[in-house]
Amino acid sequence: ESTTLELIIPVFEPLPQQYYIRIVSDNWVGCESLIPVSFKHVLLEGLSSPTFFTNLFDLTPLPVRSLDEPRYEQLYANRFDVFNPIQTQLFHILYHSDVPVLLGAPTGSGKTTVAELALLRMKTQTPNGKCVYIAPLKSLARERLKEWSKRLGAPPLNWKVLELSGDTSHDSRALNNSDVLICTPEKWDLISRGWRGVSGDFVSNASNGKKFVKEVGLLIIDEIHLLGEERGAVLEAIISRTRFISQYVKAEKQTQQSKGTNSPEMTRIMGLSTALANPYDLADWIGIDTEGHGVHAKKGLYNFRPSVRPVPMVVHIQGYPGKHYCPRMATMNKPCYAAIKDLSPNKPSMIFVASRRQTRLTALDLISYAAGEENPKAFLNCDDTLIEAIAETLNDKVLAHTITFGIGLHHAGLTSRDRETVEKCYLDGHIQVLIATATLAWGVNLPAHLVIVKGTEFFDGKLSRYVDYPVTDVLQMMGRAGRPQFDKEGVAVIMCEESKKNFLKKFLYEPFPVESCLEERLCETINAEVSIGTITSLSDAIGYLKWTFFARRVKLNPSYYGALSSSENDVDEFFLEIITDTVKKLHEHGCIHLDGTEGTDSLVSPTPLGTACSNFYLNHRTPMQMLNGARSLKSILSQHGAEVNHGEALAKQDFIHDGSSQRVARMQTLATTHEMYTYAVAKILFSLSATHEYDELPVRHNEEDLNLELSKSLPWGHDLSKVSRWKEKKKHPSGQNLFDMMSDPHTKSFLLLQAYCFKGKLPISDYINDMRSVVEQIPRLLAAMQYVALDEKASAGSFEMFTCFSLVRRIFNTGIMMNNTKRSTVFGGNAQPFVSFGGIKVERDTKKGTNEHVGFLHFDYTIDMSEFKKPQQRRGTPTNDCAR
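The model shown is predicted, which means the values in this text are computed figures rather than measured ones.

Visitor: What exactly am I supposed to notice about the overall build of the chain here?
Guide: Helix and strand counts for the chain come out as 30 helices and 24 strands. Relative to its 884 residues, the chain shows a buried fraction of 49%. Within the structure as shown, the chain displays about 42,500 Å² of accessible surface, and the carbon and sulfur contribution to it stands at 52%.

Given below as structure tokens:
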């Protein structure tokens, strides 16, 4: 079994030709290896060159009345009277021009107000225009929605602010009438794919001909430096498509009107970031002129040094020895307590940890250290009666215990009500310490005088090992200290492994270049553009690639991406190789058609699988998996239909509609109580859980034991072995044992789906959030699988199979398994009217002279109101209502 090691090696000028790295085993005598590492093609950029940074001028702060619009001035009337230095320096370019803007500034510099100034300019120039704000996380999108709905959605502006994320959905009318859309990158990527209107002959709920995309006047990308992170490929696709749409609309309008001077692009792009090492690449990509000379050169590019903070901050970096993660984290708890007592004895403090388990362990240790000094409630700043009353309202038992000692917990495993309660207690000053997972750094805006980053590593479930936080994440956590509107100074303490201390000292304020991650998602990106008609040949694909940030970075840092050099011939050859390989993969997985022409003149066109991949936002390998799953299900149902001696036979009879011109082929009464349909539902869920959409579901340390115990308590098992009585060839990787299967994220996904259907008891609270993330994807994946199966000619006539799809959809819509009267309360469901189904009948018609089929579904349903009480009627007589 291979092991991946990450090493940090210092490199000095002049650059050596090569390094020798000697690897010696600490378990085996004489087991060592010498590896030469060449630096021949490595390019080192001058990261600390002053030309990369914008100087902050000593300007007189502009008053709010400079907006010269009473409605806009009211937005800031109760917040501040003058803009801060960075906002003042950018005011004219934001509020009196329409050029693209890239702002790199430290956390806490007032970048949100900068974005608002650009929004006010856009609404002044184009009252019917729309602004799209891209937030990297759903938590940040919710926070921005809460703030902007309160400020922009209230009088005198009364703008309509909507959130678009995986948890929300709006109809086309609401989207068309909106003023500001707050989106996650994936959601806007999906919606913007429908900018031409209808994609082919297929319309999905998500990309339902969203022509309003062409009306977007301002696109704000918050934390644009996340281009270099795993989800950066989505941001890259968004911005590249936005610029293409903007140029398309611009050319369209110039064709309709008389040709005049060259006007700016229709959509203004604004990127907000921390300080960048390569701002010119990003600025050129979003449309800023970085190569010109004179007054207008680099207009819109602002990249301030990390040290330019409105609030000064002192940073302490502490190194701790220890080879293993958990013992090292335990040794940091007492220094955390000491840091709070020394650096922030009476002011709010925040501790960032890597996991929910660490939030609990850290809080309990802090309580014990405070109790050791005979002051266990040292961090509590309110009466015991008040905090105990608050604790009784909390669902999480550990949180209810720690909050009584003045220590709050904040992580994704808590209910939204618990999180809001903790946030309010912290903001009101009732509790002094808040221990949170790192995602809080990007989400809720909570103040802190002292921020402690307890450990700079986290467990990556995909890689099954601990990896370092990106430096940008560490900076984001530190930025929570000394927020301008809350504090006058801030303190940050970074606790790390001893060997990483020097690394953090050097690179904390000397940022890395932002590199592209597009290559990892290039198949999905190219397939989406093929599906919407932007790319029709290999030459179009190469042209699209040259439009991306990826192409700019390949020319400047070829060795990082695998190109031979930065020469034009080598780069062109590299692009051709990348596109050819991508198109080959898409063709192998059935997403595109190739006409067989050699070279770049080869034409490409979308297939139904490729269309499904684009419209349902799938991995390019998933539609083929769904097709194979549908074929397997069709085969099993065919076996069942042919059986005579096993189970209940399906009653069949022929009949003809009176007065109908169509011949009715047959009518089948489908008994959903039959075990065959239980297996069919299980088979569909098993096929969905096996798709690549669940590749990154985290399987944490020792969770394979929990998965094994969970599988024993569930009726279908981990591989359908408990429910399958029909012949089906099992394909398991050779040599895979049971524990390997239990550490597979797809096995865990299937177990969580079963637990949701059968109300199974989850082993730990972490599984609640995992279940939510798994179940949320089922409607999308189920619709995609049904669409793929509909297009499959061999499955087109299988009404039994599509009845099974309806059964699965009903189970997840109602939270009730077939013949199970318990309603799912995993996500806090309340008593509702109970609906039961039965007597399902499928009527199938065949048009004469054609292969077209028309299906009709008839069923009985019963509505049970016995558990449902009206708000004003606490006691009432149960009623039943039956309809056919």
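Visitor: Would you mind going over the sheet that holds strand E13 (residues 433-437) with me for this structure?
Guide: The strands making up a sheet associate through backbone hydrogen bonding, with each pair oriented either parallel or antiparallel. What the six strands build is an open sheet, ordered E10-E17-E14-E11-E13-E12; its pairing is parallel. Every interior strand has two partners, whereas the edge strands, strand E10 (313-320) and strand E12 (407-410), have only one. Neighbour-to-neighbour, the strand axes of this sheet turn through a mean angle of 15°, independent of strand direction. For strand E14 (residues 450-454) and strand E17 (residues 490-497), the ladder comprises five bridges, and the chain directions are parallel. Counted as the bridge partner of Lys 454 is Met 495 from E17. Where helix H10 (residues 333-343) meets the sheet, its contacts fall on E10, strand E11 (349-353), E13, E14 and E17, and the angle it forms with E14 comes to roughly 170°. Where helix H14 (residues 416-427) meets the sheet, it contacts E11, E12 and E13, and its direction lies at approximately 140° from that of E12.

Visitor: Teacher, can you tell me more about a nonpolar patch on the surface here?
Guide: Judged by side-chain polarity, Leu 5, Leu 7, Ile 9, Ile 23 and Ile 35 come together as a nonpolar surface patch covering roughly 440 Å² of accessible area. For Ile 9, the location among the structural elements is in the segment before strand E1 (18-24).

Visitor: Just checking my understanding: could you explain the side chain of Ser 240 for this structure?
Guide: By the secondary structure assignment, Ser 240 is in helix H7 (residues 232-256). The class of Ser 240 is buried, set by a relative accessible area of 1%. Within the local environment of Ser 240, its side chain forms a polar contact with the backbone oxygen of Glu 236, the two atoms lying 2.9 Å apart. Sequence-distant contacts of Ser 240, that is, excluding residues within four places in its chain, are made with Trp 285, Tyr 544, Trp 547 and Thr 548.

Visitor: Would you mind showing me how to read helix H15 (residues 471-478) here?
Guide: Along an α-helix, residues three or four positions apart point the same way, because every turn accommodates 3.6 residues. Within H15, eight of the eight residues are buried, leaving the element largely enclosed by the surrounding structure. Buried residues of H15: Val 471, Thr 472, Asp 473, Val 474, Leu 475, Gln 476, Met 477 and Met 478, and no others. Among the structural elements, E10, E11, E14, E17 and helix H16 (501-507) are those in contact with the buried residues of H15.

Visitor: Can you help me understand the packing of aromatic side chains in this one?
Guide: To describe a pair of aromatic rings, you give the distance between the ring centres and the angle between the ring planes. In the structure shown here, the tally under the stated rule is 26 aromatic pairs. With a centroid separation of 5.3 Å and 85° between ring planes, the pair formed by Phe 550 and Tyr 561 is classed as edge-to-face. One end of the pair, Phe 550, is in helix H19 (residues 549-556); the other, Tyr 561, is in helix H20 (residues 558-561), and eleven residues separate them in sequence. Tyr 561 carries the same exposure label as Phe 550, and that label is buried. Consider the rings of Phe 550 and Phe 575, whose centres lie 6.4 Å apart with planes at 40°: the pair is tilted. Here the residue Phe 550 occupies a position in helix H19, and Phe 575 occupies one in helix H21 (residues 568-588), the gap between them amounting to 25 residues. Residue Phe 550 is classed as buried on the basis of its relative accessible area of 1%.

Visitor: Looking at this structure, I do not really get the nonpolar core. What am I missing?
Guide: General note: in soluble globular proteins, nonpolar side chains tend to be found buried as a group. If you look at the biggest cluster of nonpolar residues, it comprises 65 residues, and the most contacted ones within it are Met 350, Ile 351, Leu 366, Ile 403, Ile 435 and Ile 452. In terms of residue count, E17 provides more of this core than any other element does, six residues in total. The residues contacting Met 350, other than those within four sequence positions of it, are Tyr 426, Leu 434, Leu 440, Leu 446, Pro 447, Ala 448, Leu 450, Val 451, Ile 452 and Arg 480. By size, the runner-up hydrophobic cluster in this structure holds 58 residues, among which are Met 626, Ile 636, Cys 757 and Ile 778.

Visitor: What am I meant to see in unusual backbone geometry here?
Guide: In terms of backbone geometry, most residues other than glycine have negative phi values and most peptide bonds are trans. Residue Pro 155 is joined to Pro 156 through a cis peptide bond whose omega torsion reads 10°. Relative to the helices and strands, Pro 156 resides in the loop between helix H4 (138-151) and strand E5 (161-164). The phi torsion at Asp 68 lies on the positive side, around 55°, for a residue other than glycine. Looking at where Asp 68 falls in the secondary structure, it is placed in the loop between strand E2 (32-38) and helix H1 (70-73).

Visitor: In this structure, what is going on with the side chain of Lys 111? I would like to understand it.
Guide: If you trace the backbone, Lys 111 turns up in helix H3 (residues 111-125). A polar side-chain atom of Lys 111 sits 3.2 Å from the main-chain carbonyl oxygen of Pro 106.

Visitor: Just checking my understanding: could you explain the packing of helix H29 (residues 778-791) against helix H30 (residues 799-814) for this structure?
Guide: The relative placement of two packed helices comes down to the angle between their axes together with the axis-to-axis distance. Where H29 meets H30, the axes come as close as 11 Å, and the angle between the chain directions of the two elements is 170°. When the interaxial angle is binned, H29 and H30 end up roughly antiparallel. Contacts from Ile 778, Leu 782, Ala 783, Met 785, Gln 786, Ala 789 and Leu 790 of H29 reach H30 at Met 801, Phe 802, Phe 805, Val 808, Arg 809 and Phe 812. A breakdown of the residues in the contact of H29 with H30 according to their chemical character gives eleven nonpolar, one polar and one charged.

Visitor: What's the story with the sheet that holds strand E3 (residues 101-104) in this structure? I'm lost.
Guide: Strand order across the open sheet formed by seven strands is E5-E6-E4-E7-E8-E3-E9, with parallel pairing between neighbours. Every other strand in the sheet has two partners, leaving E5 and strand E9 (301-303) as the edge strands with one partner each. Strand-to-strand twist of the sheet, defined as the mean angle between neighbouring strand axes without regard to direction, takes the value 15°. Where E5 and strand E6 (residues 180-183) come together, four bridges link them in parallel fashion. Looking at the pairing, Leu 162 lines up with Leu 181 of E6. Contacts from helix H2 (residues 85-95) reach E3, strand E8 (268-273) and E9 within the one sheet, and its direction differs from that of E3 by about 175°. Set on the sheet, H3 makes contact with E3, strand E4 (130-134), E6, strand E7 (216-221) and E8; between it and E8 the angle comes to about 175°.

Visitor: Would you explain the packing of helix H24 (residues 675-689) against H29 in this entry?
Guide: H29 packs onto H24 with a crossing angle of 105° between their chain directions and a minimal axis gap of 11 Å. Classified by the interaxial angle, the pair formed by H24 and H29 is roughly perpendicular. Residues Ile 684, Ser 687 and Leu 688 of H24 touch H29, and the partners they reach there are Ile 778, Leu 781, Leu 782 and Met 785. For the contact of H24 with H29, the per-class residue count stands at six nonpolar, one polar and no charged.

Visitor: I keep staring at the environment of Ala 251 and nothing clicks. Help me out?
Guide: Turning to its location among the elements, Ala 251 is positioned in helix H7. The exposure class of Ala 251 is partly exposed, given its relative accessible area of 40%. The spatial distance from the C-alpha of Ala 251 to the C-alpha of Met 266 is 9.9 Å, given a sequence separation of 15 residues.

Visitor: Please explain the pattern of salt bridges as it appears in this structure.
Guide: When the charged atoms of two side chains with opposite charge come close together, those side chains can pair. Summed over all chains, the structure comprises 30 salt bridges. Salt-bridge contacts for Glu 186 lead to Arg 231; the nearest nitrogen and oxygen are separated by 2.9 Å. Taken as a pair, Glu 186 in helix H6 (residues 185-192) and Arg 231 in the loop between E7 and H7 lie far apart in primary sequence, 45 residues in all. Arg 700 is paired through a salt bridge with Asp 770; the nearest N and O atoms lie 2.9 Å apart. Here Arg 700, found in the loop between H24 and helix H25 (703-713), pairs with Asp 770, found in helix H28 (residues 766-775); they are 70 residues apart in sequence, far enough to count as distant. Judged by its relative accessible area of 22%, Arg 700 is partly exposed.

Visitor: Any chance you could explain the environment of Leu 152 here in plain terms?
Guide: Among the structural elements, Leu 152 can be located in the loop between H4 and E5. Each C-alpha atom, one on Leu 152 and one on Leu 75, is 7.8 Å from the other, the two residues being 77 residues apart in sequence. Dropping the residues within four chain positions of it, Leu 152 is found in contact with Leu 75, Leu 119, Leu 157, Asn 158, Trp 159 and Val 161.

Visitor: Please explain the pairing of E8 as it appears in this structure.
Guide: Each regular strand carries side chains that alternate between the two faces of the sheet. Counting buried positions along E8 yields six of six residues, so the element is predominantly enclosed. Pairing of E3 with E8 involves four bridges; the strand directions are parallel. Directly across from Val 101, in E8, lies its bridge partner Met 270.

Reading the values: the criteria
- Residues numbered from 1 in each chain as written.
- Predicted model: local features only at pLDDT ≥ 70, side-chain atom pairs only at ≥ 80, totals over all residues.
- Heavy atoms only, no water.
- Helix = DSSP H or I, 4+ residues; strand = E, 2+ residues; numbered from the N terminus.
- Buried < 20%, exposed > 50% of the residue type's maximum accessible area, 1.4 Å probe, protein only.
- Areas by Shrake-Rupley, 256 points an atom, 1.4 Å probe, with all protein chains shown as cover.
- Pairing = 2+ DSSP bridges.
- Axes fitted to C-alpha atoms, helices over the stretch in contact; angles between N-to-C directions.
- Contact = heavy atoms within 4.5 Å.
- Patch = residues over 30% accessible without salt bridge, like charges linked within 9 Å, V, L, I, M, F, W, Y side chains within 5 Å.
- Salt bridge = Lys/Arg side-chain N within 4 Å of Asp/Glu carboxyl O.
- Polar contact = N/O pair within 3.5 Å; in protein donor to acceptor, adjacent residues only side chain to side chain.
- Phe/Tyr/Trp six-rings, centres within 6.5 Å; stacked < 30°, edge-to-face > 60°.
- Core = buried A, V, L, I, M, F, W, Y, C linked by side-chain atoms within 4.5 Å.
- Parallel < 35°, antiparallel > 145°, perpendicular 65-115°, else oblique.
- Nonpolar A, V, L, I, M, F, W, Y, C, P; charged D, E, K, R; others polar.

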